[in-house]
Amino acid sequence: MAFENNVDIDHPVHDVRTEAIRNFENKGFPSKKEEAWKYTSLNSLQKVDFSIFPKEFNALEYKDVKKYFLHEIDTYKIVFIDGMYSSYLSETTHDGVDICLMSSALTKPMYKQIIDVYFNKVASRDDSLTTLNTAFSREGAYIYIPKNKMPKKPVEIIHFATGNETALLLQPRNLIIVEENAELQVIERHQSLTTNEVLTNSVTEIYAAKSAILDYYKVQNDLGSASLIDNTYINQKSKSAVSVHTFSFGGKLTRNNLNFFQNGEYIDSTLKGVTILGEKQLVDHHTLVHHIEPNCESHQDYKGIYGENSTGVFNGKIIVDKIAQKTNAFQQNNNILISDKATINTKPQLEIFADDVKCSHGCTIGQLDEEALFYLQSRGIPKKEARALLMYAFANNVLQSVRIPELKTRINKLIANKLGVRLGFEL
Amino acid sequence: MLKITDLHARVEDKEILRGINLEVNAGEVHAIMGPNGSGKSTLAAVIAGKEEFEVTQGSVELEGENLEDTAPEERAHKGIFLSFQYPVEIPGVTVTNFMRTAINESRKAKGLEDMPANEMLKLIREKSELLEIDRKFLSRSLNEGFSGGEKKRNEIFQMAILEPKLAILDETDSGLDIDALRIVANGVNKLKSKKNAVIVITHYQRLLEYIVPDFVHVLHNGKIVKSGGKDLALELEEKGYDWLKNEVVV
């Protein structure tokens, strides 16, 4: 991969990028020898000759991709096609809040101060895939919500891959800042439109200032030819509440590196996920919650349903620093295997240095409850539908906290679809 | 309606039913009593088709049709209903949606279209009144956080909606206070007709004061050891099961 030819040396964050390139060159791609990548191999992806920077701009008609938007409600939209911004499909704003593009935030002088303070500050400087993104990313979403503001509607960030390149590497970079007492809702989606291979290595930096509220929803329902490495870094200040829901129903290989840093007191962090896989799909959730200050909470709840030859990984790391007394940290990971060939590797990783904390974690791996299945069948519900109902019930807890009703309905439909049933009512 | 002949069933290596013979006709109420572990709940589950139990000998027939290899849902479609001793909680699925699925799956099996929404609502409203069920209850998740009494009432509510030919009430009286017991029994009595039959499985005679049986059978060690009229239940209540055990051994 000859990245160097495409590096813009006049770029405003050139120094940051140079450092990132150096760090990536030192480390290279992670291998299975590293503990954090024990169950997820990138080998097959590295053999693909990805095109890094597509030359052509590809257009899409709204009617052809409407179904990937939450079109039931009005939203702001930041849309990319093969990594390039599509103004035609987007709806951005500068009216009191900034919902626009990373490229313009990086180049326009008016944003310089913010970029200096926030760009690449919470993102890791030595995680190799993050540095790869830092070095070469060109585009992404930039959202700035000033103090006490709340955008009128949720923001959708959608990346389409058209398949015009045989194999495409995308490296979106998002920067989201929610200032004091401000609020924001974001829905992120990556969607490949053909069976040509796509690898997305995405980095999102999120800053939630004092008393800010952010709900972030990741909808991962891509085709079997698409892989995603999502690196999300969240820095929270006192009394802020950030939730990230990850719905993983598709894709070939999906790795979610979700990192929360609690830099303040009375912070609430919520990490929830529903994973339903089949075929040879793999989803790997690596979460980190770093409790740095006292009196904070974190809630993790991940449910997984694995069928056919699919593989799931859950690695939940919680660090409680010595001064972070009165921390409440909860972690749940429950899994159902519905095929003999499906695998789940689940591991809680707790590093607790404070003595006055409440931390709980629980992992379960099981099958569907036979008694419950019999109950539903005895009411005339066929086995297939009965199983689906039970799986839906199993995942349901996670859906309760979705605060956009239309999104909840949509996720329910995706679940019913993924379970292959028509239940006779809208879930 | 129901004919059970020399029924043997086991779970894993343990034989639980050891030769049951029972005939239930339309319009009849049968009570099956017996001490803990005598096989009452197993008999109920085997009639409803629970796959965990293996029928090793004998047969269960419904209206002349052998139910061997018939899945639980198909048995439900043919008109068998089992009221569970421990109804299962299904979070996220409301009582109404659950019933809608059950009704429409049953109709689908019979080659009928889905029941129109207004008809469905009317049916649900009518039957919830019969069981004195509050409207709010219908939009709660099935059995989730229900009290013991609410769960049992909900079972009979489902029975009222599905209108089975043969209803088996497995320990429906357990965990019920006297008011709930009366409401449940009253519901069952209103649903009773010349065309359907009820099997009441109970440990105690209490429920039989409200749902009066035509026949009482005593199950012990996987066999029916004594049958009689409704007075047998009173006798059991008075003397306990020990005298019977002795009698059987002799």
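Here the structure is a predicted model, which is why all the values come from computation and not from measurement. (Residues numbered from 1 in each chain as written. Chains lettered and ligands numbered in written order. Predicted model: local features only at pLDDT ≥ 70, side-chain atom pairs only at ≥ 80, totals over all residues.)

Thoughts on the overall build of chain A
Regarding its fold elements, chain A presents nine helices and 20 strands. Taking 2.2 N^0.38 as the reference for a compact globule, 427 residues should give roughly 22 Å; the C-alpha atoms of chain A span a radius of gyration of 21 Å, in line with that estimate. Its C-alpha atoms give chain A principal-axis dimensions of roughly 70 × 55 × 45 Å. With 427 residues in all, chain A has 52% of them scored as buried. Of the contacts formed within chain A by residues at least 6 apart in sequence, a portion of 82% connects residues at least 24 apart. (Helix = DSSP H or I, 4+ residues; strand = E, 2+ residues; numbered from the N terminus. Rg over C-alpha atoms; globule rule 2.2 N^0.38 Å. Buried ≥ 20, exposed ≤ 12 C-beta atoms within 10 Å, placed from the backbone. Contact = placed C-beta atoms within 7 Å.)

Topic: the overall build of chain B
Counting secondary structure elements, chain B contains eight helices and twelve strands. Once the C-alpha set of chain B is aligned to its principal axes, its extents read approximately 60 × 40 × 35 Å. The proportion of buried residues among the 250 residues of chain B is 42%. Counting contacts in chain B only where the partners sit at least 6 residues apart, residues at least 24 apart contribute 71% of the total.

Focus on unusual backbone geometry
Residue and element names in this part refer to chain A. Even without being a glycine, Asp82 presents a positive backbone phi close to 50°. On the secondary structure map, Asp82 appears in the loop between β1 (76–81) and β2 (84–85). In the Ramachandran plot, Glu279 falls in the positive-phi region, its phi being about 45° despite a non-glycine side chain. We classify Glu279 as exposed; it has 12 C-beta atoms within 10 Å.

Thoughts on the domain arrangement of chain A
Residue and element names in this part refer to chain A. When its domains are assigned, chain A resolves into domain 1 (4–263) and domain 2 (369–427). The straight-line distance from the C-alpha centre of domain 1 to that of domain 2 is 31 Å. Tallying the contact residues gives 13 residues for domain 1 and eleven residues for domain 2. Those elements giving two or more residues to the side of domain 1 that touches domain 2 turn out to be β8 (183–192), β10 (213–220) and β12 (241–248). Tallying contributions element by element places β12 first for the side of domain 1 that touches domain 2, with three residues. (Domains from an automatic or database assignment.)

Let's talk about the sheet that holds strand β10 (residues 197–202) of chain B
Strand pairing in a sheet relies on backbone hydrogen bonds. The paired strands run either parallel or antiparallel. Residues and elements named next belong to chain B. Reading across the sheet, the six strands line up as β6-β9-β10-β3-β11-β12 and stay open at both edges, with mixed pairing between neighbours. Of all the strands in the sheet, just β6 (80–83) and β12 (223–228) have a single pairing partner and so form its edges. Each strand of the sheet is rotated relative to its neighbour by a mean of 20°, with strand direction disregarded. As judged from the four bridges shared by strand β3 (residues 29–33) and strand β11 (residues 215–220), these two strands associate in the parallel manner. When the bridges of β11 are listed, Ile32 appears paired with His217. Seen against the sheet, helix α5 (residues 148–162) touches β6 and β9 (166–170) and runs at an angle of roughly 170° to β6. (Pairing = 2+ DSSP bridges. Axes fitted to C-alpha atoms, helices over the stretch in contact; angles between N-to-C directions.)

Looking at the interface of chain B and chain A
At the junction of the two partners, chain B supplies 25 residues and chain A supplies 21 residues. Secondary-structure elements contributing two or more residues to the side of chain B that touches chain A are α2 (72–78), β7 (90–94) and α3 (95–109) of chain B. The biggest single contributor to the side of chain B that touches chain A is α3 of chain B, with seven residues. Grouping the amino acids of the side of chain B that touches chain A by side-chain chemistry returns twelve nonpolar, seven polar and six charged. (Nonpolar A, V, L, I, M, F, W, Y, C, P; charged D, E, K, R; others polar.)

Structural notes on the sheet that holds strand β2 (residues 14–24) of chain B
Residue and element names in this part refer to chain B. Read across the open sheet, the four strands follow the order β2-β1-β4-β5; overall the sheet is antiparallel. For this open sheet the edge positions go to β2 and β5 (65–66), each flanked by a neighbour on one side alone. Here strand β1 (residues 2–11) runs beside strand β4 (residues 54–62); their pairing, made up of seven bridges, is antiparallel. Each residue of the ladder has a partner; that of Lys3, found in β4, is Glu61. In this fold helix α1 (residues 40–48) packs onto β1, β2 and β4, with an angle of close to 70° to the strand it touches most, β2.

Comments concerning α3 of chain B
Counted at 1.5 Å a residue, the expected span for α3 of chain B with its 15 residues is 21 Å, and the 21 Å between its end C-alpha atoms agrees. In terms of burial, α3 of chain B is a largely internal element, eleven of the 15 residues being buried. Residues Val95, Asn97, Phe98, Met99, Arg100, Thr101, Ala102, Ile103, Asn104, Glu105 and Ser106 of chain B constitute the buried set of α3 of chain B. Buried positions along α3 of chain B lie against α8 (383–400) of chain A together with α2, β7, α4 (117–130), β8 (141–142) and α5 of chain B. The positive-phi residue at the C-terminal boundary of α3 of chain B is Gly111 of chain B, with phi of around 75°. (Expected span 1.5 Å × (residues − 1).)

Considerations on the packing of α8 of chain A against helix α9 (residues 405–418) of chain A
Residues and elements named next belong to chain A. Their axes nearest at 12 Å, the elements α8 and α9 cross at an angle of 155°. On the basis of their axis angle, the class for α8 and α9 is roughly antiparallel. Pair α8 / α9 crosses with right-handed handedness. For the pair formed by α8 and α9, the contact residues are Tyr392, Ala395 and Leu399 on the first element and Lys408, Ile411, Asn412 and Ile415 on the second. Here the contact of α8 with α9 is composed, by residue class, of five nonpolar, one polar and one charged. (Parallel < 35°, antiparallel > 145°, perpendicular 65-115°, else oblique. Left-handed = near helix turned anticlockwise from the far one by under 90°.)

Overview of the confidence of the model for chain A
Of the residues in chain A, 95% have a pLDDT of 70 or more, and the chain-wide mean is 92. Note that residues 1–5 of chain A has pLDDT below 50 and, in this model, three contacts with residues that lie over four places away or in other chains. (pLDDT = per-residue confidence, 0-100.)

Quick notes on the confidence of the model for chain B
Mean pLDDT over chain B stands at 92; residues scoring 70 or higher make up 98%. The ipTM value of the predicted complex is 0.95, and its pTM value is 0.86.

A few points about the environment of Val225 of chain B
Residues and elements named next belong to chain B. On the secondary structure map, Val225 appears in strand β12. Take Val225: there are 17 C-beta atoms within 10 Å of it, and that puts it in the partly exposed class. The spatial distance from the C-alpha of Val225 to the C-alpha of Thr42 is 16 Å, given a sequence separation of 183 residues.

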